[in-house]
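In case you want the letters, here they are:
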Amino acid sequence: EAGVVQSPRYKIIEKKQPVAFWCNPISGHNTLYWYRQNLGQGPELLIRYENEEAVDDSQLPKDRFSAERLKGVDSTLKIQPAELGDSAVYLCASSLVGMNTGELFFGEGSRLTVL
Amino acid sequence: AQSVTQPDIHITVSEGASLELRCNYSYGATPYLFWYVQSPGQGLQLLLKYFSGDTLVQGIKGFEAEFKRSQSSFNLRKPSVHWSDAAEYFCAVAGTNAGKSTFGDGTTLTVKP
């Protein structure tokens, strides 16, 4: 069974440029998460989708970040324009919430460096 | 609001020695608790989880953790550490339908030969 797939693995951009990250969750997982992990810290939730619906986006900086999950499968996270402080690893995870599992399956992450 | 504290930023143990990583959580009801491991450049992998029942849970790679409600703790243990256990370890808490996990800032484990 394929795991969570993310791309690109690494991205270096200059500030004020746009950037987009893509995530394909494990087949059948109804819930998808985007987390941001700053250096030396744990992952922090940006947005959580249940199927196509964003059920928790309270931590998403909506002035510059946007996300979508069309058709309830793969998802894209966009930053426009990027700032120096956005340098981090962006992790996508999926799960079968509602089945009393709660286990998150993570992709390898997309490391963003903003110069 | 739920939160997790991992008091130890960095721990060094000798190979073959025992290990205990501390985790304290804050949550108003019975939590779902998790330990994840992250190797350099990789995503997080679940080691073990607690939902209910036996407070001592077994996980992969010989790890175990004990849920202590009175202390709001969920410490991770391993009786004999291997060099391949060197990684970063994250404790996480979730509630209700386990929909949202909140992570601690992690503990980096170094294993001395």
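Structural notes, computed from the coordinates.

Calculation notes
Residues numbered from 1 in each chain as written. Chains lettered and ligands numbered in written order. Predicted model: local features only at pLDDT ≥ 70, side-chain atom pairs only at ≥ 80, totals over all residues. Heavy atoms only, no water. Helix = DSSP H or I, 4+ residues; strand = E, 2+ residues; numbered from the N terminus. Rg over C-alpha atoms; globule rule 2.2 N^0.38 Å. Contact = heavy atoms within 4.5 Å. Areas by Shrake-Rupley, 256 points an atom, 1.4 Å probe, with all protein chains shown as cover. Lys, Arg positive; Asp, Glu negative; His and termini not counted. Charge placed at Lys NZ, Arg CZ, Asp CG, Glu CD. Pairing = 2+ DSSP bridges. Axes fitted to C-alpha atoms, helices over the stretch in contact; angles between N-to-C directions. Buried area = accessible area lost by both parts, 1.4 Å probe. Salt bridge = Lys/Arg side-chain N within 4 Å of Asp/Glu carboxyl O. Polar contact = N/O pair within 3.5 Å; in protein donor to acceptor, adjacent residues only side chain to side chain.

**Topic: the overall build of chain B**
Here comes step 1: Along the backbone of chain B there are zero helices and 12 strands.
Here comes step 2: In chain B, the succession of helices and strands from N to C terminus is β-β-β-β-β-β-β-β-β-β-β-β.
Here comes step 3: A compact globule built from 113 residues would reach a C-alpha radius of gyration of about 13 Å, and chain B, at 13 Å, matches this within 12%.
Here comes step 4: Principal-axis analysis of the C-alpha atoms places the extent of chain B at approximately 40 × 30 × 20 Å.
Here comes step 5: Contacts in chain B between residues far apart in sequence, at least 24 positions, make up 54% of those at least 6 positions apart.
Here comes step 6: Carbon together with sulfur atoms contributes 49% to the accessible area of chain B, which is approximately 5200 Å² in total.
Here comes step 7: In chain B, 9 positive and 9 negative side-chain charges are present, and the distance between their average locations comes to 4 Å.

**Here's the deal with the sheet that holds strand S3 (residues 19-24) of chain A**
Residues and elements named next belong to chain A.
Here comes step 1: Taken together, four strands build an open sheet; the order of strands is S1-S3-S8-S7 and the sheet is antiparallel. The open sheet is flanked by strand S1 (5-7) and strand S7 (65-68), the only strands paired with a single partner. Taking the axes of each pair of neighbouring strands and ignoring which way they run, one obtains an average angle of 15 degrees across the sheet.

**Details of the interface of chain B and chain A**
Here comes step 1: Across the contact, 20 residues belong to chain B and 23 residues belong to chain A.
Here comes step 2: Of the roughly 1700 Å² buried between chain B and chain A on both sides combined, carbon and sulfur atoms contribute 49%.
Here comes step 3: Viewed at the interface, chain A and chain B are joined by two salt bridges.
Here comes step 4: For Asp 56 of chain A, the salt bridge goes to Lys 100 of chain B, with nearest N and O atoms at 3.9 Å.
Here comes step 5: For the pair chain B and chain A, the interface holds five residue pairs in polar contact (both at pLDDT 80 or more).
Here comes step 6: Taken together, the elements giving at least two residues each to the side of chain B that touches chain A come down to strand S5 (32-38), strand S6 (44-50) and strand S11 (101-103) of chain B.

**Let's talk about the side chain of Ser 94 of chain A**
Residue and element names in this part refer to chain A.
Here comes step 1: If you trace the backbone, Ser 94 turns up in strand S9 (residues 88-95).
Here comes step 2: One polar contact links the side chain of Ser 94 to the main-chain amide nitrogen of Ile 26, over a distance of 3.4 Å.
Here comes step 3: Filtering out sequence-adjacent residues up to four positions away, Ser 94 remains in contact with Val 4, Pro 25, Ile 26, His 29, Thr 31, Leu 32, Tyr 33, Glu 103, Leu 104 and Phe 105.

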